[in-house]
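# Residue-level structure breakdown
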Amino acid sequence: MKAGSCCAVHVSGDNETRHSTKVITFGGGSVTVWGCFSNDCKLDMFVLDGTLNAVKYRDNILRTLVVPRFENHTLASRPIFMDDYATPHRARVVGDYLQKEAIDGTFSPDMNPIEHVLDIIGRKINQSVPPCRDLAKLRTVLVHLWNNTAMHILRRLVAGMRRRVVELYQKRGGYTKY
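Residues numbered from 1 in each chain as written. Predicted model: local features only at pLDDT ≥ 70, side-chain atom pairs only at ≥ 80, totals over all residues. Heavy atoms only, no water.

As named in an unreviewed UniProt entry, the chain is Tc1-like transposase DDE domain-containing protein, taken from Pinctada imbricata.

Have a look at this one:
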């Protein structure tokens, strides 16, 4: 099984959480962060002020970051594109676009390996001294932490996907240890 991983993370000054969206309280305002990786590559992190909608997701992320990489991916076969279940990812305009581009994908708010990476980044941000007090600093720190996430960590997460999917299947979609 070959899998890529993608997820959007909303970093906000409030404590609201929806689906698998991670919220990191800092000092007000918000940015939306999107990252993608596979066993062989890690795309640049995309940071957007405010929240993400379906059209922004299609135009700013899928069209410019994802689709070009799928065409030239180093794997023998194209990877599986995995999104969490965020509303912009499920929109018809996004589904139609991915279908037009012949990109196979799946939704998994719980099984997406990027959640582990974002958890690590969130912990580091929450422990940073001095803490992030403005959006510009937060954006800089997010990109820095993403860029410095080692590929061996990402490869280990991708390699674990088969085990996760097998357990999910055995539990018939129920609770897993992941």
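## With respect to the packing of helix H1 (residues 54-71) against helix H3 (residues 92-100)
Inclusion rule: Each axis is a line fitted through C-alpha atoms, and for a helix only the stretch in contact is used; angles between axes span 0 to 180 degrees, taken between their N-to-C directions. By definition, any uninterrupted DSSP run of H or I lasting at least four residues is a helix, any uninterrupted run of E lasting at least two residues is a strand, and each is numbered from the N terminus. Each angle is binned into one of four classes, with values under 35 degrees roughly parallel, values over 145 roughly antiparallel, values of 65 to 115 roughly perpendicular, and all other values oblique. Crossing handedness: left-handed means the near helix sits turned counterclockwise from the far one by under a right angle, and right-handed means the same turn made clockwise. Whether two residues are in contact is decided by their heavy atoms, any of which lying within 4.5 Å being enough. Side-chain classes are defined by residue name, with Ala, Val, Leu, Ile, Met, Phe, Trp, Tyr, Cys and Pro counting as nonpolar, Asp, Glu, Lys and Arg as charged, and the others, Gly among them, as polar.
Two numbers describe how H1 lies on H3: the axes approach to 9 Å, and their chain directions differ by 25°. Comparing their axes, H3 and H1 come out roughly parallel. With respect to the hand of their crossing, H1 and H3 are arranged in right-handed fashion. Residues Ala54, Tyr57, Arg58, Leu62, Arg63 and Val67 of H1 touch H3, and the partners they reach there are Val93, Val94, Tyr97 and Leu98. By residue class, the composition of the contact of H1 with H3 is eight nonpolar, no polar and two charged.

## Some remarks on H1
Condition: Multiplying 1.5 Å by the residue count of a helix minus one yields the expected span of that helix. Two axes enter the bend calculation: one fitted to the seven residues ending at the residue in question, the other to the seven starting there, and the bend is the angle between them. Between buried and exposed lies partly exposed: a residue is buried under 20% and exposed over 50% of the maximum accessible area for its type, with that area taken using a 1.4 Å probe on protein chains only.
For H1, spanning 18 residues, the distance from its first C-alpha to its last is only 22 Å, which falls clearly below the expected 26 Å at 1.5 Å a residue. The largest bend in H1 amounts to roughly 55° and is located at Leu62. For H1, the full list of buried residues reads Ala54, Tyr57, Arg58, Ile61, Leu62, Val66, Val67 and Phe70. Where H1 is buried, its residues touch strand E2 (30-37), strand E3 (46-49), strand E4 (81-83), helix H2 (87-90) and H3.

## Here's the deal with the pairing of E3
Rule in force here: Between any two strands, at least two bridges found by DSSP are needed for them to pair.
Here E3 shows a buried face lined by Phe46 and Leu48 and an unburied face lined by Val47 and Asp49. Pairing of E2 with E3 involves four bridges; the strand directions are antiparallel. By the bridge assignment for E3, Trp34 is matched with Phe46.

## What about the pattern of salt bridges?
Under the convention used in this document: In the sections that follow, a salt bridge refers to a side-chain nitrogen of Lys or Arg positioned within 4 Å of a carboxyl oxygen of Asp or Glu.
Under the criterion given, the structure shown has six salt bridges. Between Asp49 and Arg139 there is a salt bridge, and its shortest N-O distance comes to 2.6 Å. Of this pair, Asp49 sits in strand E3 while Arg139 sits in helix H5 (residues 135-147), and the two are 90 residues apart along the sequence. Under the relative-accessibility criterion, Asp49 is labelled partly exposed at 47%. Note that Arg58 is salt-bridged to Asp59, the shortest N-O span being 2.7 Å. Using a relative accessible area of 24% as the deciding quantity, one classes Asp59 as partly exposed. Because the salt bridges share partners, they merge into one network encompassing Arg58, Asp59 and Arg63.

## Here we look at the environment of Leu48
Structurally, Leu48 is set in strand E3. Here the alpha-carbon distance between Leu48 and Ser30, two residues 18 residues apart in the chain, equals 8.8 Å. If we ignore the near neighbours within four places in the chain, the residues touching Leu48 are Val31, Thr32 and Lys56.

## Notes on the environment of Trp146
Relative to the assigned elements, Trp146 resides in helix H5. Taking the relative accessible area as the measure of exposure, Trp146 reaches 0% and is therefore buried. Separated by 29 residues in sequence, Trp146 and Val117 place their C-alpha atoms 8.4 Å apart. Beyond its immediate chain neighbours, meaning those up to four positions away, Trp146 contacts Gly35, Cys36, Phe37, Lys42, Leu43, Asp44, Met45, Ile114, Val117 and Ile121.

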